[in-house]
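This is what each chain is made of:
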Amino acid sequence: MSSALTDLFPHPIVQAPMAGGVSVPRLAAAVSEAGGLGFLAAGYKTADGMYQEIKQLRGLTGRPFGVNLFMPQPEYAEPAAVEVYANQLAGEAAWHETELGDPDSGRDDGYDAKLAVLLDNPVPVVSFHFGCPTRDVLDSLARAGTLTLVTATTAEEALAVQRAGAAAVIAQGVEAGGHQGTHRDNPETDGTGIGLLSLVAQVRETVQIPIVAAGGIMRGSQIAAVLAAGASAAQLGTAFLATPESGANAVHKQALTNPLFVRTELTRAFSGRPARGLVNRFMREHGPYAPAAYPEIHHLTSPLRKAAAKAGDAQGMALWAGQGHRMARELPAGQLVEVLSAELAAARTALSASEVSPEGGAGR
């Protein structure tokens, strides 16, 4: 198995790209400087906005880093369902004294323009979410010297990633916070996601490319577990969301460990695609009625989410978080990488010790 990816960073720790202003240059730089792999999230940004953040990040660190892109989405066939949901959200808009967003604000997230920037100004790593790029795209990035990763939520998707020519696959378990990176948005599969350890084992038996494990990882011992299961590195999002370098709203950071928020669920309420967040009023009231319409619902609710964040209303925000959110630590990002690495080393030492009996023979 190629080590080209893990040779880029000393610690097998990848900071997940969290769109919406969380994965800012200072966070990615702090992680990369500490020996992990920092990531910028280009989702919901313009191509020029992405380019400016890349320039800013390069001014903060000379270490390798990554940039994440969202794949363009297929046309949505039921606009009437979006209109019905918009009518349901009218009360929210009135409460926040704002207008709903335009659901037809674009489906491709500036994909082609962002690719052009990344081919003209190559970065060490590019990852993709919500689908798998064509072989031509992945080959073009490879020729530019960029390693490519693609998220998969099943072994079948991981096999498609390998066949397309990606350097590695991100195996995303159902525990993960934020959006599930399914290649096709099929409402019939809602609630059928695979847990991370089972997914890593299945993917390991299906593909030969390196695996980056993602989903609910908050401690070094969990990193040790996914490495033992066959992953080459672990990707952590929620763990870095609480750091001071994260661009997340202060209300969002505080909610991770607030006893008012006891659990997470997958919901379509905020974006029209399944995403895991802390259960709040908005999710409870609107989640059951949200159609499978991404990015239309994302655009529709964007002003509501911004207004709730401005008002400090945690009950109206998209509080994306993985299942391990209560284990979040308010440490500087670089220090968190060091703590996770120490925990990983301790877990590996304990595992090695357990495999050998006091007499020097094999353990039971």
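As a reminder, the structure under discussion sits directly above these lines.
The paragraphs below set out a description of the structure included in this document.

Thresholds applied
- Residues numbered from 1 in each chain as written.
- Predicted model: local features only at pLDDT ≥ 70, side-chain atom pairs only at ≥ 80, totals over all residues.
- Heavy atoms only, no water.
- Phe/Tyr/Trp six-rings, centres within 6.5 Å; stacked < 30°, edge-to-face > 60°.
- Helix = DSSP H or I, 4+ residues; strand = E, 2+ residues; numbered from the N terminus.
- Buried < 20%, exposed > 50% of the residue type's maximum accessible area, 1.4 Å probe, protein only.
- Pairing = 2+ DSSP bridges.
- Contact = heavy atoms within 4.5 Å.
- Core = buried A, V, L, I, M, F, W, Y, C linked by side-chain atoms within 4.5 Å.
- Right-handed = clockwise from strand over helix to strand, strands pointing away.
- Axes fitted to C-alpha atoms, helices over the stretch in contact; angles between N-to-C directions.
- Parallel < 35°, antiparallel > 145°, perpendicular 65-115°, else oblique.
- Left-handed = near helix turned anticlockwise from the far one by under 90°.
- Salt bridge = Lys/Arg side-chain N within 4 Å of Asp/Glu carboxyl O.
- 1 Å grid on protein atoms, 1.4 Å probe; cavity = no way out; pocket = protein on both sides within 12 Å on 5 of 7 lines; lining within 4 Å.
- Points joined across faces, edges and corners; volume = space filled by probe spheres on them.
- Nonpolar A, V, L, I, M, F, W, Y, C, P; charged D, E, K, R; others polar.

**Quick look at the packing of aromatic side chains**
Scanning the entire structure with this criterion turns up six aromatic pairs. On the numbers, 5.2 Å between centres and 75° between planes, the contact of Tyr44 with Phe70 is edge-to-face. Here the residue Tyr44 occupies a position in the loop between strand S2 (38-41) and helix H2 (47-60), and Phe70 occupies one in strand S3 (residues 65-70), the gap between them amounting to 26 residues. Residue classification places Phe70 among the buried positions, given a relative accessible area of 9%. Ring geometry for Phe270 versus Phe282: centroids 4.6 Å apart, planes at 15°, classification stacked. One end of the pair, Phe270, is in the loop between strand S10 (264-267) and strand S11 (275-278); the other, Phe282, is in helix H12 (residues 281-286), with twelve residues separating them in the sequence. Grouping residues by exposure puts Phe270 and Phe282 together as buried. Taken together through their ring pairs, the aromatic side chains of Tyr44, Phe70, Phe130 and Tyr294 make up a single cluster.

**Let's talk about the sheet that holds S11**
Pairing within the open sheet is antiparallel, and its three strands lie in the order S7-S11-S10. Only two strands of the sheet have a single neighbouring strand rather than two, namely strand S7 (178-179) and S10. Relative to S11, S10 runs antiparallel, the two being bridged by four bridges. In the sheet register, Leu266 faces S11, and the bridge partner there is Arg276.

**What to know about the side chain of His298**
Along the chain, His298 turns up in helix H13 (residues 296-311). Discounting chain neighbours no more than four positions away, the residues touching His298 are Tyr44, Phe270, Ser271 and Arg305.

**Thoughts on the nonpolar core**
By size, the foremost hydrophobic cluster in this structure holds 80 residues, and its most contacted members are Val67, Leu69, Phe128 and Phe240. Dropping the residues within four chain positions of it, Val67 is found in contact with Phe39, Leu40, Ala42, Met50, Ile54, Leu118, Val123, Val125, Val126 and Ser127.

**What about the pairing of strand S9 (residues 233-236)?**
With burial as the criterion, each face of S9 is covered, one bearing Ala233 and Gln235 and the other bearing Ala234 and Leu236. Looking at chain direction, strand S1 (residues 13-15) and S9 are connected through three bridges and run parallel. Looking at the pairing, Gln15 lines up with Leu236 of S9. Note that strand S8 (residues 211-214) and S9 share three bridges and pair parallel. Paired with Ala214 across the two strands is Gln235, which belongs to S9. Since S8 and S9 lie parallel, the crossover through helix H9 (residues 220-229) that links them has a hand, and here it is right-handed.

**Considerations on the packing of H9 against helix H14 (residues 333-354)**
Remark: H9 packs on H14, axes separated minimally by 7 Å, with the N-to-C direction vectors making an angle of 55°. Between H9 and H14, the interaxial angle falls into the category oblique. The two elements H9 and H14 cross, and the hand of that crossing is right-handed. Within the contact between the two elements, H9 uses Gly220, Ser221, Ile223, Ala224 and Leu227 and H14 uses Leu340, Glu343, Leu344, Ala347 and Arg348.

**Topic: the pattern of salt bridges**
Under the criterion given, the structure shown has ten salt bridges. Residue Lys114 pairs with Asp109 through a salt bridge whose shortest N-O separation is 3.0 Å. The class of Lys114 is buried, set by a relative accessible area of 1%. Judged by its relative accessible area of 21%, Asp109 is partly exposed. Of the charged contacts in the structure, one is a salt bridge between Arg263 and Glu265, with a shortest N-O distance of 2.3 Å. What makes Arg263 partly exposed here is its relative accessible area of 42%. Residue classification places Glu265 among the partly exposed positions, given a relative accessible area of 32%.

**Details of the layout of surface pockets**
Rolled over the atoms, a probe with the dimensions of a water molecule shows which regions are left empty. Empty space within the largest pocket amounts to approximately 1000 Å³. Forming the walls of the largest pocket are 45 residues, and the residues nearest its centre are Met18, Ala19, Gly20, Val22 and Trp320. Sorting the residues of the lining of the largest pocket by element identifies S3, strand S4 (125-129), strand S6 (168-172), S7, S9, helix H10 (238-241) and H13 as the ones contributing at least two each. Of the residues belonging to the lining of the largest pocket, the class tally is 22 nonpolar, 21 polar and two charged. Of the volumes computed, that of the second largest pocket is approximately 450 Å³. For the lining of the second largest pocket, the element with the most residues is helix H7 (residues 155-164), which contributes three residues. A per-class count over the lining of the second largest pocket returns five nonpolar, twelve polar and five charged.

**Overview of the sheet that holds S4**
Reading across from one edge, S1-S9-S8-S6-S5-S4-S3-S2 is the order of the eight strands in this open sheet, with parallel pairing throughout. Across the chains shown, the open sheet's two edge strands, defined by having one partner strand only, are S1 and S2. The average undirected angle you get between the axes of adjacent strands in this sheet is 25°. Bridge count between S4 and strand S5 (residues 147-152): four bridges; the pairing is parallel. Counterpart to Phe128 in the pairing with S5 is Val150. Lying over the sheet, H9 contacts S1, S8 and S9, oriented at roughly 135° with respect to S9.

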